[in-house]
Amino acid sequence: MTEPLLSTAQAAALLGRSQRFVSDLCAAGELEHYRFESVGGRVTFKVAESAVRAYLNRARQSAS
């Protein structure tokens, strides 16, 4: 079974941060994500919940 993908808004809610923060993490390659681009050129990111958990674990380890 595959894991459902979260929007940047949903990932932001899990992280307690803004949607822009999540998009910036994706763009910087700090958060594993999938990138989707529409015909018009609009880019959206989708993030697995497990990727959000992995990011939180790395952030906690680097803070200690």
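Novice: Looking at this structure, I do not really get the sheet that holds strand 1 (residues 5-6). What am I missing?
Specialist: Strand order across the open sheet formed by 3 strands is 1-3-2, with antiparallel pairing between neighbours. The open sheet is flanked by strand 1 and strand 2 (34-37), the only strands paired with a single partner.

Novice: Honestly, the packing of aromatic side chains in this entry has me stumped. Any pointers?
Specialist: The geometry of an aromatic ring pair is captured by two quantities: the separation of the ring centres and the angle between the planes. A complete count under the given rule lists 0 aromatic pairs for this structure. Taking NZ or CZ as reference, Arg17 lies 3.8 Å from the ring centre of Phe21, over its face.

Novice: Hey, could you run me through the pattern of salt bridges in this one?
Specialist: In a structure, side chains of opposite charge can pair up when their charged atoms sit close to one another. Tallying each qualifying case throughout the model produces 3 salt bridges. Measuring nitrogen to oxygen at the nearest pair gives 3.6 Å for the salt bridge that ties Glu37 to Arg35. Of the two residues examined, Glu37 and Arg35, each falls in the exposed class. A salt bridge links Glu49 to Arg53, with the shortest nitrogen-to-oxygen separation between them at 3.3 Å. Within this pair, Glu49 and its partner Arg53 are both found in helix 3 (residues 49-63), separated by 4 residues, close to a single helical turn. The partly exposed category is assigned to Glu49, whose relative accessible area is 33%. Looking at Arg53, the relative accessible area reads 46%, which means it is partly exposed.

Rules of the game
Residues numbered from 1 in each chain as written. Predicted model: local features only at pLDDT ≥ 70, side-chain atom pairs only at ≥ 80, totals over all residues. Heavy atoms only, no water. Pairing = 2+ DSSP bridges. Helix = DSSP H or I, 4+ residues; strand = E, 2+ residues; numbered from the N terminus. Phe/Tyr/Trp six-rings, centres within 6.5 Å; stacked < 30°, edge-to-face > 60°. Lys NZ or Arg CZ within 6 Å of the ring centre and 35° of its normal. Salt bridge = Lys/Arg side-chain N within 4 Å of Asp/Glu carboxyl O. Buried < 20%, exposed > 50% of the residue type's maximum accessible area, 1.4 Å probe, protein only.

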